[in-house]
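This is what each chain is made of:
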Number of protein chains: 2
Amino acid sequence: MTKITARQIAAQTGVSIATVSRTINNNGYVHADVRARIEAAMRDLGYLPNQAARNLATGRTRTVGLVLQTLHSPAFVDMTEAIQMTLREKGYFLLMCNTQFNQQIETDYLRLVQSGMLDGMITNAINDTATEMRQLVQQNYPIVFINRSLTGIEGQPTRTGFVQMDLQHATFLATDYLAGLGHRRIGVITGDMQLSTQQRRLGGYREALQARGLEFDPLLVQAVAVNRNEATRDGQLTPKNANALHEATVQATGEFLTAMPDVSALIVIYHTMLPGVLQAIRQVGRRVPDDLSLVAFSDFPMAPFLDPPLTVVAQPSTEMGHKAADMLVALIEQPAQPAQHVLLRPELIVRQSCKPYP
Amino acid sequence: MTKITARQIAAQTGVSIATVSRTINNNGYVHADVRARIEAAMRDLGYLPNQAARNLATGRTRTVGLVLQTLHSPAFVDMTEAIQMTLREKGYFLLMCNTQFNQQIETDYLRLVQSGMLDGMITNAINDTATEMRQLVQQNYPIVFINRSLTGIEGQPTRTGFVQMDLQHATFLATDYLAGLGHRRIGVITGDMQLSTQQRRLGGYREALQARGLEFDPLLVQAVAVNRNEATRDGQLTPKNANALHEATVQATGEFLTAMPDVSALIVIYHTMLPGVLQAIRQVGRRVPDDLSLVAFSDFPMAPFLDPPLTVVAQPSTEMGHKAADMLVALIEQPAQPAQHVLLRPELIVRQSCKPYP
DNA sequence: TTGAAAGCGCTAACAC
DNA sequence: GTGTTAGCGCTTTCAA
């Protein structure tokens, strides 16, 4: 655990510490022979430059944060891996900031950019409308939003980017498909988060209904309460919110299906709620697809092997991850400019969880 | 993006920079009034201490790394979230280091501890037998291994910890359950990694066979080749290895099932291979559980909703994550001592993917 | 092509 | 209780 410093490499090689720095960073002029000797010494002594010192000296950390609510969603896993691989190729590191839907934790993590610990942030933050968020953006810290939007910064030079799946189209695809099968009472299970995206998701639903001449009934939209304030683990050492969300989903969906016996099709907007919905469907004694058609959001490797194989709206998560990482690095390394936007299309993958309405 | 420094807070408040530092860190003596004024100034100016500077001055970063091959395994997701939540409570951050099974990337990430970027590491590194690994351990860098072991360091004071599921018992549970149902030709689908754990996994298999008076046939153990050298994304922007692994699994399993028609039960050791195995089973025209009984490793939320509901050996992933994080923080904050060990028990969750042998 | 020197912004003795 | 001072290990002008 002996720390070798650049000073020792310099002494060993008989050069100045500045020359060592130049060869480490491969900039400035260093004589080939000298460079070779220095590199040999670094190898021999197992020298690795101290990152903390470099960070302080350069004012950069080559580390960015990823603020997500949870990884319990295959789309987030895909995105996270894609982000990390892309960042690695570009010489950046990734700090994981899962919030478990807790807004306080989210805010704390977002601050890390301001504290100089992170060069930037990729996030699908819940409180995207909060003042902290706008402040960050206005202070020109590099931020890329995933499936979020932010009003009031149009045209202003910031270091903000947006990577979005076309959410309205995603919900449209699902709704239109079900309506095309003859379903007239199509339920939606969603979260209660006040997201900037919520209205676009429902927008696609309404758009599809209208196109098919169906009426929008707000009672068909069932929001499941997400606990955003407690995220500490309970005695069981289990993430409390995961369980709470599951229970809340089972209950809300069960009551919904019971209260609305004429609902013949269901769209599940958030993957995290899917197991709860499936359980509730079983509990109320309905069968998919015979008694209820089902479309879920996000594809996942097991979807073809469910009973029945699940029809889903697939999100181009991996591509979104790559784009987000590319975009963030560009924002970090370039001056502020008007916000960048990338919009990707979702895709309906039809399997066997839907049937024509009798 | 104006950077406020402690110096400015000091000037604003009319105290020295040292006093500001004391109130930030809440150590040493600071008069209550002075403290209040400093805190007010910090709040007013939106001051946040620069992390890079603190890291350099203290020689610590309060950041640890998590080196995993992939997040495409629910057990790893559970573990990652648990680790992150525990670390957060203790004031540490988590750097994600996914390797996509690439050994070079793995080694690169492991070095981050030596470069002073990370205070420690939690890992299930593949090359746990490699010299780099032993070197890290011998240099007393805090490392916690998950489901790995390391020989030759017994009794030596190091900063090493081990959190393990009882792998031998896990395989024993699965094998014994299937043998108890009357199966005599029980196949195992595993990876080809030269892991220190592989023999323990197979040990449980052999142990259960022996206890049931069945013979061990090495032909019943099918290893799927894992590509450990390429991890760059391909033109499709898709993690190459994920696809490659999937294809390799489908093919190897398909050939295995065709070559071994008398195999009536299958144990799948790695969750990442499960979709490939399920697909291969379909392709060769076998049906679970009628033509083939199946036990998979790691439980996951969708397991009860597969066709058929899947019998699994569940890993206490969340608890393992908490333990690993607790252990690592202890190793970081305390002097070297003989390695710590935690061994947790797996659990067989019986659903409907197995039937008695006819 | 190289070296000297001044920081980067903070912490931690040590003195008062 | 508080201030002074010397670093932490590197990068980066500026001279030589």
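What counts and how
- Residues numbered from 1 in each chain as written.
- Chains lettered and ligands numbered in written order.
- Predicted model: local features only at pLDDT ≥ 70, side-chain atom pairs only at ≥ 80, totals over all residues.
- Heavy atoms only, no water.
- Pairing = 2+ DSSP bridges.
- Helix = DSSP H or I, 4+ residues; strand = E, 2+ residues; numbered from the N terminus.
- Axes fitted to C-alpha atoms, helices over the stretch in contact; angles between N-to-C directions.
- Contact = heavy atoms within 4.5 Å.
- Least-squares fit on C-alpha atoms with pLDDT ≥ 70 in both.
- Near = heavy atom within 4 Å.
- Polar contact = N/O pair within 3.5 Å; in protein donor to acceptor, adjacent residues only side chain to side chain.
- Buried area = accessible area lost by both parts, 1.4 Å probe.
- Salt bridge = Lys/Arg side-chain N within 4 Å of Asp/Glu carboxyl O.
- Nonpolar A, V, L, I, M, F, W, Y, C, P; charged D, E, K, R; others polar.
- Domains from an automatic or database assignment.
- Core = buried A, V, L, I, M, F, W, Y, C linked by side-chain atoms within 4.5 Å.
- Buried < 20%, exposed > 50% of the residue type's maximum accessible area, 1.4 Å probe, protein only.
- Parallel < 35°, antiparallel > 145°, perpendicular 65-115°, else oblique.
- Left-handed = near helix turned anticlockwise from the far one by under 90°.
- Phe/Tyr/Trp six-rings, centres within 6.5 Å; stacked < 30°, edge-to-face > 60°.
- Lys NZ or Arg CZ within 6 Å of the ring centre and 35° of its normal.

Engineer: Where do I start with the sheet that holds strand β11 (residues 340–344) of chain A in this structure?
Structural biologist: For sheets, the rule is that strands pair by backbone hydrogen bonds, running either parallel or antiparallel. The 12 strands lie next to each other as β11(A)-β5(A)-β4(A)-β3(A)-β1(A)-β2(A)-β2(B)-β1(B)-β3(B)-β4(B)-β5(B)-β11(B), forming an open sheet whose pairing is mixed. Edge positions in the sheet fall to β11 of chain A together with β11 (340–344) of chain B, since each has one partner strand and no second. Mean inter-strand twist for the sheet, computed between neighbouring axes without regard to direction, equals 20°. Across 3 bridges, the pairing between strand β3 (residues 120–123) of chain A and strand β4 (residues 143–146) of chain A is parallel. By the bridge assignment for β4 of chain A, T123 of chain A is matched with F145 of chain A. Packing against the sheet, helix α12 (residues 317–333) of chain B makes contact with β1 (63–68), β3 (120–123), β4 (143–146), β5 (160–165) and β11 of chain B, and its axis sits at approximately 170° to β5 of chain B.

Engineer: Got a minute to help me understand the relation of the copies chain B and chain A in this structure?
Structural biologist: The two chain copies are connected by a rotation around an axis plus a translation along it. Rotating chain B by 180° and moving it 0.1 Å along the rotation axis overlays it on chain A with an RMSD of 0.1 Å. The operation mapping one copy onto its partner corresponds to a two-fold rotation axis. Mapped onto chain A, 98% of the interface residues of chain B are again interface residues, and the two copies thus contact each other with one and the same surface.

Engineer: I'm lost on the protein's contact with DNA strand D in this one. Help?
Structural biologist: A6, S21 and Y47 of chain A together with R22 and H31 of chain B are the nearest of the 25 residues found near DNA strand D. Of what DNA strand D places within 4 Å of the protein, 58% of the atoms are sugar or phosphate. One of the backbone N or O atoms of A53 of chain A is found 3.5 Å from a base nitrogen in DNA strand D. A57 of chain B places a main-chain nitrogen or oxygen 3.4 Å from a base oxygen of DNA strand D.

Engineer: Sorry, what's going on with the interface of chain B and chain A here?
Structural biologist: You'll often see interface size given as the accessible area lost when the parts meet. Listed per partner, the contact involves 65 residues of chain B and 64 residues of chain A. Summed over both partners, the interface of chain B with chain A buries about 6,000 Å², with 65% contributed by carbon and sulfur atoms. Across the contact surface, chain B and chain A share 0 salt bridges. Run the count over chain B and chain A and you get 24 residue pairs in polar contact (both at pLDDT 80 or more). Broken down by secondary-structure element, the contributors of at least two residues to the side of chain B that touches chain A are α4 (51–58), α5 (74–89), β2 (93–98), α6 (103–110), α11 (274–283) and α12 of chain B. In terms of residue count, α5 of chain B provides more of the side of chain B that touches chain A than any other element does, 9 residues in total. Along the lines of polarity and charge, the residues of the side of chain B that touches chain A split into 32 nonpolar, 22 polar and 11 charged. Inspection of the sheet shows strand β2 (residues 93–98) of chain A paired to β2 of chain B by 3 bridges, in the antiparallel sense. Residue pairing across strands places L95 of chain A opposite L95 of chain B, the latter belonging to β2 of chain B.

Engineer: Looking at this model, I keep getting lost on the domain arrangement of chain A. Mind explaining?
Structural biologist: By the assigned domains, chain A splits into domain 1 (6–49), domain 2 (60–166 + 317–346) and domain 3 (167–314). The straight-line distance from the C-alpha centre of domain 1 of chain A to that of domain 3 of chain A is 60 Å.

Engineer: Got a minute to help me understand the protein's contact with DNA strand C in this structure?
Structural biologist: The immediate surroundings of DNA strand C are formed by 25 residues, with R22 and H31 of chain A together with A6, S21 and Y47 of chain B found nearest. Looking at DNA strand C alone, sugar and phosphate atoms form 60% of those within 4 Å of the protein. At a separation of 2.7 Å, a phosphate oxygen of DNA strand C approaches a polar side-chain atom of T19 of chain A. With respect to DNA strand C, the backbone of N50 of chain B contributes an N or O atom lying 3.2 Å from a phosphate oxygen. Residue assignment for the surface near DNA strand C shows that the elements contributing at least two residues are α2 (17–25) and α4 (51–58) of chain A together with α2 (17–25) and α4 of chain B.

Engineer: I would appreciate a short explanation of the nonpolar core in the present structure.
Structural biologist: The tendency in soluble globular proteins is for nonpolar side chains to be buried side by side. Counting 153 residues, the largest nonpolar core has L266, L294 and L310 of chain A together with L266 and L310 of chain B as the members making the most contacts within it. By size, the runner-up hydrophobic cluster in this structure holds 46 residues, among which are V113 and M121 of chain A together with L95 and I153 of chain B.

Engineer: For this particular structure, what's the right way to read the pattern of salt bridges?
Structural biologist: When the charged atoms of two side chains lie near each other, side chains of opposite charge can form a pair. Summed over all chains, the structure comprises 18 salt bridges over all chains. Among the salt bridges present, the one from R35 of chain A reaches E39 of chain A, with a minimum N-O distance of 3.8 Å. With R35 of chain A and E39 of chain A both in helix α3 (residues 32–45) and 4 residues apart, this pair spans about one turn of that helix. Its relative accessible area of 31% is what places E39 of chain A among the partly exposed residues. The closest approach of N and O atoms between D217 of chain B and R185 of chain B, which form a salt bridge, is 3.0 Å. With a gap of 32 residues between them, D217 of chain B in the loop between α9 (198–211) and β7 (221–224) and R185 of chain B in the loop between α8 (167–180) and β6 (186–191) connect regions that are remote in the sequence. For D217 of chain B, a relative accessible area of 17% gives the class buried.

Engineer: Is there a simple way to think about the sheet that holds β7 of chain B in this case?
Structural biologist: All names here are of chain B. Spatially, β7-β6-β8-β9-β10-β12 is the arrangement adopted by the 6 strands of the open sheet, whose pairing is mixed. This sheet does not close on itself; its edge strands, each paired only once, are β7 and β12 (347–349). Geometrically, the sheet is characterised by an average inter-axis angle of 20° between neighbouring strands, direction not taken into account. In this structure, β6 lies alongside strand β8 (residues 265–268), joined through 4 bridges in parallel fashion. The residue of β8 that forms the bridge with G187 is L266. Helix-sheet contacts for α11 involve β6, β8 and β9 (293–297), and the interaxial angle to β8 is about 160°.

Engineer: Before we go on, may I ask you to explain the packing of helix α5 (residues 74–89) of chain A against helix α12 (residues 317–333) of chain A in this structure?
Structural biologist: To describe two helices that pack against each other, one gives the angle between their axes and the distance between the axes. Residue and element names in this part refer to chain A. With their axes 7 Å apart at the nearest point, α5 and α12 run at an angle of 40° to one another. With respect to α12, the axis of α5 lies oblique. Where α5 crosses over α12, the two elements pack in a sense that is right-handed. For the pair α5 and α12, contact is made by A75, D78, M79, A82, I83, T86 and L87 and by S317, T318, M320, G321, H322, A325, D326 and V329, respectively. For the contact of α5 with α12, the class distribution of residues is 8 nonpolar, 5 polar and 2 charged.

Engineer: Can you walk me through unusual backbone geometry in this structure?
Structural biologist: Phi is mostly negative for residues that are not glycine, and the peptide bonds are mostly trans. Residues and elements named next belong to chain A. Residue P289 is bonded to the preceding V288 through a cis peptide linkage, with omega at 0°. For P289, the location among the structural elements is in the loop between α11 (274–283) and β9 (293–297). With a phi angle near 55°, N147 is a residue other than glycine that sits in the positive phi range. Checked against the element boundaries, N147 lands in the loop between β4 and β5 (160–165).

Engineer: Got a minute to help me understand the environment of G155 of chain B in this structure?
Structural biologist: Position of G155 of chain B among the secondary structure elements: in the loop between β4 and β5. Between the C-alpha atom of G155 of chain B and that of P346 of chain B, which follows or precedes it by 191 residues, the distance is 27 Å.

Engineer: What am I meant to see in the packing of α4 of chain A against α4 of chain B here?
Structural biologist: Here α4 of chain A crosses α4 of chain B at 140°, and the two axes come no closer than 8 Å. It follows that α4 of chain A is oblique to α4 of chain B by the angle criterion. At the point where α4 of chain A passes α4 of chain B, the crossing takes the left-handed sense. The segment α4 of chain A lies against α4 of chain B, with A52, A53, N55 and L56 of chain A engaging A52, A53, N55 and L56 of chain B. A class-by-class count of the residues in the contact of α4 of chain A with α4 of chain B yields 6 nonpolar, 2 polar and no charged.

Engineer: How do you make sense of the packing of aromatic side chains when you look at a structure like this?
Structural biologist: Between two aromatic rings, the relevant description is the distance of the centres plus the angle of the planes. Residues and elements named next belong to chain A. Per the stated rule, a full pass over the model turns up 6 aromatic pairs over all chains. Between the aromatic rings of F145 and F162, the centroid separation amounts to 5.4 Å while the plane-to-plane angle is 15°, which identifies the pairing as stacked. Taken together, the residues span a long stretch of sequence, with F145 in strand β4 and F162 in strand β5 at a distance of 17 residues. The class of F162 is buried, set by a relative accessible area of 1%. With 6.0 Å between their ring centres and 80° between their planes, Y205 and F216 make a pair best called edge-to-face. Of this pair, Y205 sits in helix α9 (residues 198–211) while F216 sits in the loop between α9 and β7 (221–224); the two residues are 11 residues apart in sequence, bridging distant segments of the chain. In this arrangement the basic side chain of R62 is found over the ring face of Y92, its NZ or CZ atom lying 4.5 Å from the centre. In this arrangement the basic side chain of R206 is found over the ring face of F216, its NZ or CZ atom lying 4.0 Å from the centre.

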